[in-house]
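# Geometric and topological summary
The primary structure of each chain is shown beneath.
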Amino acid sequence: MGRDGGEGPDYGERLLEDLLAQAHTATPMDLPALVNRCAEAFGLGEIVIYLTDLQQRRLVALTEGVPVLDIDTSIAGWCYRTVSLRMEDVETGVLCLWLPVVDGSERLGVLGVRTRSVDAVRLRRCRMLTQVVAMAITSKRAYSDSFARKARAERMRLPAEMLRAFLPPRTIGNTHVVSTAVLEPAYEIGGDAFDHSLTQSTLHAAILDAMGHDLASGLTTSVALAGCRNARRAEAGLIDLVETIDQALAQWLPDKFCTGILTQLDLASGVFSWCNCGHPPPLLIRDGQVVAGALERSAQPPMGLPARFSNEPRAVHQTTLQPGDRVLLYTDGVTEARTASGGEFGMERFTDSIILATAAGELAAESLRRLIHSILDNEDNDLRDDATLLLIEWWAPDTKPEPRRG
């Protein structure tokens, strides 16, 4: 590749076409070299690809020897947190452009681009490069260990390894809805999981918590996840979906059960439907406040039990959300965390943490990242069980404002 000079207006696009073709056959760790060959032809300096770590605390470079960046304190982290372009002076006459690497609604990391000048053409090509990188990472991470190694700060326990193999992307969404989730302790989860999926008209989301904290718990949750997806992909309703999980657990793991909440959200109307199977009730967050008791209903037996001990049909509850409403699903590992004094973290402190984390008007995924970190970083808090959070945000057509960038 030669430098971008008088080769014609389509020259850069041809280079990007070549990059796309090569990216299909390249290994994950070949990406930095491929991107930098294209950058040189564009008259840009070095480009570094950074991925977020598993707990969304650090940005780790794919290029060896490049320092790790802190998400909460660095300019690159600001780019990641807000999904916005950022520019900084790195030395005399040299700028660094920071661009968010995003797959749909999921934040993957950032791209750092060194350049001596910025104009509309260079900026457009940087954005195109970023999109190519996002697609390459997304397409390759399912079958390569390279990205997983970069994202980890320690060795993962086997139950967590098994569960994470079944999980969907951390964040999904479109212009009407976002669903985003986190699991802690990140390397030691045993029985918690989440699932979410989008169709043209509906968001499907679920949170699951199997009895225990070992490999058998992970197996229980994995069977529940498989049952959930099997019924959902057959276009089953919520009751049929839950009954599929009931029957699967009763047949294959008769001594195990799983609590959970399974939900459907109609994207056009905002009608939110859910079935609570022995689980803490969802929380409704409206205008930055938790609406006390808004989604509390009588809980039904955990999944895996009714098929053996009860003939009562499952119940589905419904409410209509307002534009901008958020619904938070959580497992009891959050509220049952132990404090230094020996008590529980509790619902009141959890509610206070939610209000603080969502008050800034940030993206849903960033609000959830702040929430779980505020819980984990509290010196008076000891997380002794799996703690999973799933946050849903809904907007009616033409009502969604621009997220706050500061």
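The sections below set out a description of the structure shown in this document. (Residues numbered from 1 in each chain as written. Predicted model: local features only at pLDDT ≥ 70, side-chain atom pairs only at ≥ 80, totals over all residues. Heavy atoms only, no water.)

## Some details on helix 2 (residues 31-41)
As a reminder, the rule being used: When a residue's accessible area, from a 1.4 Å probe over protein chains only, is under 20% of the maximum for its type it is buried; when over 50% it is exposed; and in between it is partly exposed. Runs of H or I in DSSP of at least four residues are treated as helices and runs of E of at least two as strands, each being numbered from the N terminus.
Listed in full, the buried residues belonging to helix 2 are Leu-31, Pro-32, Leu-34, Val-35, Cys-38, Ala-39 and Ala-41. At the C-terminal side of helix 2, Gly-43 shows a positive phi close to 80 degrees.

## Comments concerning the packing of aromatic side chains
Where we set the bar: Planes of paired rings set the category: under 30 degrees apart is stacked, over 60 is edge-to-face and the rest tilted, where pairs are Phe, Tyr or Trp rings (Trp by its six-membered ring) whose centres lie within 6.5 Å.
Scanning the model with the defined rule gives three aromatic pairs in all. Seen from their ring centres, Tyr-50 and Trp-98 are 5.6 Å apart, and the 55 degrees between their planes marks the pair as tilted. You can see Tyr-50 sitting in strand 1 (residues 47-52) and its partner Trp-98 sitting in strand 5 (residues 94-103), a full 48 residues away along the chain.

## Some words on the sheet that holds strand 14 (residues 289-291)
Note the threshold: For two strands to pair, DSSP has to find at least two bridges joining them. Note on geometry: axes are lines fitted to C-alpha atoms, helical ones only across the stretch in contact, with angles between N-to-C directions running from 0 to 180 degrees. By definition in these notes, contact holds between two residues if any of their heavy atoms fall within 4.5 Å.
The sheet built from six strands is open, its strands ordered 7-8-19-16-13-14 with antiparallel pairing. Each edge of the open sheet carries a strand with a single partner, namely strand 7 (171-173) and strand 14. For this sheet, the mean angle separating the axes of adjacent strands, direction not counted, is 20 degrees. Both strand 16 (residues 326-330) and strand 19 (residues 387-394) contribute to a ladder of five bridges, which runs antiparallel. The partner of Leu-328 across the bridge, within strand 19, is Leu-391. Helix 11 (residues 364-376) rests against strand 7, strand 8 (177-184), strand 16 and strand 19 of the sheet, and its axis sits at about 20 degrees to strand 8.

## Section: the pairing of strand 19
Among the eight residues of strand 19, eight are classified as buried, and the element is accordingly described as predominantly covered. Here strand 19 shows two buried faces, one formed by Ala-387, Leu-389, Leu-391 and Glu-393 and the other by Thr-388, Leu-390, Ile-392 and Trp-394. Both strand 8 and strand 19 contribute to a ladder of eight bridges, which runs antiparallel. Residue Ser-179 lies in a different strand from strand 19, and its bridge partner there is Ile-392.

## Here we look at the sheet that holds strand 15 (residues 317-320)
An order of 9-10-11-12-15 is seen for the five strands of this open sheet, with the pairing classed as antiparallel. Of all strands in the sheet, those bounded by a partner on one side alone are strand 9 (192-198) and strand 15. With strand direction ignored, the average angle separating the axes of adjacent strands in the sheet is 15 degrees. In this structure, strand 11 (residues 258-266) lies alongside strand 12 (residues 271-277), joined through six bridges in antiparallel fashion. Considered in strand 12, the bridge of Ile-261 is made with Asn-276. Set on the sheet, helix 7 (residues 215-233) makes contact with strand 9, strand 10 (202-210) and strand 11; between it and strand 9 the angle comes to about 15 degrees. Sheet contacts for helix 8 (residues 238-252): strand 11 and strand 12; angle to strand 11, the most-contacted strand, approximately 155 degrees.

## Focus: unusual backbone geometry
Residues Glu-184 and Pro-185 are joined by a peptide bond in cis, for which omega reads -5 degrees. Looking at where Pro-185 falls in the secondary structure, it is placed in the loop between strand 8 and strand 9. One non-glycine residue, Val-83, adopts positive backbone phi at about 55 degrees. Tracing the backbone shows Val-83 in the loop between helix 3 (75-82) and strand 4 (86-91). Residue classification places Val-83 among the partly exposed positions, given a relative accessible area of 27%. The phi torsion at Asp-287 lies on the positive side, around 55 degrees, for a residue other than glycine. Checked against the element boundaries, Asp-287 lands in the loop between strand 13 (283-286) and strand 14. The exposure class assigned to Asp-287 is exposed, which follows from its relative accessible area of 74%.

## Looking at the environment of Leu-183
With respect to the helices, strands and loops of the structure, Leu-183 is situated in strand 8. It is 14 Å that separates the C-alpha atoms of Leu-183 and Ser-374, two residues lying 191 residues apart in sequence. The residues contacting Leu-183, other than those within four sequence positions of it, are Arg-164, Leu-167, Ile-189, Asp-192, Ala-193, Phe-194, Ala-387 and Thr-388.

## What about the nonpolar core?
Keep this limit in mind: Side-chain atoms within 4.5 Å link the members of a nonpolar core, which is a set of buried Ala, Val, Leu, Ile, Met, Phe, Trp, Tyr and Cys residues.
By size, the foremost hydrophobic cluster in this structure holds 51 residues, and its most contacted members are Ile-245, Leu-262, Leu-265, Met-303, Val-327 and Ile-392. In this structure Ile-392 touches Val-177, Val-178, Ser-179, Leu-203, Ala-205, Thr-263, Leu-265, Phe-272, Asp-325, Arg-326 and Val-327, once residues within four positions along its chain are discounted. In this structure, Leu-19, Ala-39, Leu-99 and Val-113 belong to the second largest nonpolar core, which totals 32 residues.

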